[in-house]
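# Residue-level structural notes
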Amino acid sequence: MAPNPPQGVFVAESEIEVRYAETDAMGVVHHGSFVIYLELGRTGYMRQRGHDYSSFESTGHHMAVVELNVRYHRPARYGQTLRVRSWIEDMNRRSITFCYIISDARDNSCLVTGSSRHVCITRTGRVATIPEPWLSWRGS
């Protein structure tokens, strides 16, 4: 059984079917593919909050990944449907930390847990304040 996200925060859910190209010769998902699934969860979070990543970039900002933690609990396999749950664990004026749980969509068994921390930067690479409306996601 997958752990539950904390209560009282917005949790986005996305589903993905494991594609053959994401697996090895045994049909097991390659560890690096899970990083892509975390990104799908994160961008899904933004869309579900009403603002996608391209609209964030249109403000002249980007979110640089500065830390990534992934814990592999069980393998995923070709054709399996996965559920990615994403939420904001911590946010300040310049950075966001997302947490993730990836589970089997049928039986809710936990496959991967993780987190990623992102720093807001300008197109020239300077650290910047996260623009509204994204900054308003703090504490929710």
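Note: the structure precedes this text.
## Topic: the overall build of the protein chain
From N to C terminus, the protein chain includes two helices and five strands. The C-alpha atoms of the protein chain give a radius of gyration of 15 Å, which matches the 14 Å a tight globule of 140 residues would have. Across its three principal axes, the protein chain shows a C-alpha extent of roughly 45 × 35 × 25 Å. Of the contacts made within the protein chain by residues no fewer than 6 positions apart, 68% connect residues no fewer than 24 positions apart. When the accessible surface of the protein chain is summed, it comes to about 7,600 Å², and 49% of that surface belongs to carbon and sulfur atoms.

## Digging into helix α1 (residues 33–48)
For α1, built from 16 residues, the straight-helix expectation of 22 Å at 1.5 Å per residue is met to within 8% by its first-to-last C-alpha distance of 22 Å. Restricting attention to buried positions, one finds in α1 the residues Ser-33, Phe-34, Tyr-37, Leu-38, Gly-41, Arg-42, Thr-43, Gly-44, Tyr-45 and Met-46. As for α1, its buried residues are in contact with β1 (12–17), α2 (53–57), β2 (61–72), β3 (81–91), β4 (95–104) and β5 (110–122). Immediately beyond the C-terminal end of α1, within one or two residues, lies Gly-50, with a positive phi of roughly 100°.

## Some remarks on the pattern of salt bridges
Enumeration over the complete set of coordinates arrives at five salt bridges. The partner of Asp-104 in a salt bridge is Arg-106, with the nearest N and O atoms 3.9 Å apart. The network of salt bridges with common partners includes Glu-13, Glu-15 and Arg-83.

## Observations concerning the environment of His-62
Counting through the fold element by element, His-62 comes out in strand β2. For His-62, a relative accessible area of 25% corresponds to the partly exposed category. With 60 residues separating them along the chain, His-62 and Thr-122 place their C-alpha atoms 6.2 Å apart. Setting aside anything within four residues of it in sequence, one finds His-62 in contact with Tyr-53, Phe-56, Glu-57, Val-119, Cys-120, Ile-121, Thr-122 and Arg-123.

## A short note on the packing of aromatic side chains
According to the stated counting rule, one finds 10 aromatic pairs in the structure shown. Between Phe-10 and Tyr-45, the ring centres sit 5.3 Å apart and the planes meet at 75°, which makes this aromatic pair edge-to-face. With Phe-10 in the segment before β1 and Tyr-45 in helix α1, this pair connects stretches of sequence that are 35 residues apart. For Phe-10, a relative accessible area of 28% gives the class partly exposed. Between Tyr-45 and Trp-137, the ring centres sit 5.6 Å apart and the planes meet at 75°, which makes this aromatic pair edge-to-face.

## So, the sheet that holds β1
Strand order across the open sheet formed by five strands is β1-β3-β4-β5-β2, with antiparallel pairing between neighbours. The open sheet terminates on both sides in strands that have one partner only, identified here as β1 and β2. The average undirected angle you get between the axes of adjacent strands in this sheet is 25°. Sheet strands in contact with α1 are β1, β2, β3, β4 and β5, and its direction is about 135° off that of β1.

Cut-off values and rules
Residues numbered from 1 in each chain as written. Predicted model: local features only at pLDDT ≥ 70, side-chain atom pairs only at ≥ 80, totals over all residues. Heavy atoms only, no water. Helix = DSSP H or I, 4+ residues; strand = E, 2+ residues; numbered from the N terminus. Rg over C-alpha atoms; globule rule 2.2 N^0.38 Å. Contact = heavy atoms within 4.5 Å. Areas by Shrake-Rupley, 256 points an atom, 1.4 Å probe, with all protein chains shown as cover. Expected span 1.5 Å × (residues − 1). Buried < 20%, exposed > 50% of the residue type's maximum accessible area, 1.4 Å probe, protein only. Salt bridge = Lys/Arg side-chain N within 4 Å of Asp/Glu carboxyl O. Phe/Tyr/Trp six-rings, centres within 6.5 Å; stacked < 30°, edge-to-face > 60°. Pairing = 2+ DSSP bridges. Axes fitted to C-alpha atoms, helices over the stretch in contact; angles between N-to-C directions.

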